[in-house]
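Each chain, written out:
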Amino acid sequence: SNGLSQKIVTIDEPTPNPISKQTTLHYTVSEESHVLISVFDMLGREVRHLVDQTQKQGYYGISLDVSDLPNGQYNVRLESNGTVVSKLVSVQK
């Protein structure tokens, strides 16, 4: 081992960003594990609950519809096996 812990999940940079209506979030699961994906506003409130299930190794895409969310910054958060990764996205209509 090289001492670096292998991240179970990684997420691509969201595009487009800012988002006006909808985007597809792409992420990689490097080994079968339970995956949680949620979107939070800047006050820490969960505004979207996208994934909560065991997923096999692979590359995934999940649709994120922001058409009813107010403009602003949001945190897309993936959690799996104790690994947390997050990306900041902007909603701008």
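If you're wondering where the values come from, they're calculated on a predicted model, not measured in any experiment.

The rules we used
Residues numbered from 1 in each chain as written. Predicted model: local features only at pLDDT ≥ 70, side-chain atom pairs only at ≥ 80, totals over all residues. Heavy atoms only, no water. Pairing = 2+ DSSP bridges. Helix = DSSP H or I, 4+ residues; strand = E, 2+ residues; numbered from the N terminus. Axes fitted to C-alpha atoms, helices over the stretch in contact; angles between N-to-C directions. Salt bridge = Lys/Arg side-chain N within 4 Å of Asp/Glu carboxyl O. Buried < 20%, exposed > 50% of the residue type's maximum accessible area, 1.4 Å probe, protein only.

**As for the sheet that holds strand E2 (residues 22–29)**
Overall, antiparallel pairing links the three strands, which are arranged E1-E2-E5 in an open sheet. Only two strands of the sheet have a single partner each, and these edge strands are strand E1 (9–11) and strand E5 (58–65). Each neighbouring strand pair of the sheet contributes to a mean axis angle of 30°, computed without reference to strand direction. Bridging between E1 and E2 involves three bridges; their strand directions are antiparallel. Bridge assignment links Thr10 to a residue of E2, and that residue is Thr28.

**What about the pattern of salt bridges?**
Taken as a whole and assessed by the stated rule, the structure comprises five salt bridges. Linking Lys87 and Glu13 is a salt bridge whose minimum nitrogen-to-oxygen distance equals 2.9 Å. Here Glu13 lies in the loop between E1 and E2 and Lys87 lies in strand E7 (residues 83–91), a separation of 74 residues in the sequence. According to the relative accessible area criterion, Glu13 is exposed, its value standing at 55%. Note that Arg77 is salt-bridged to Glu79, the shortest N-O span being 2.9 Å. Of the residues examined, Glu79 reaches a relative accessible area of 27% and is grouped as partly exposed.

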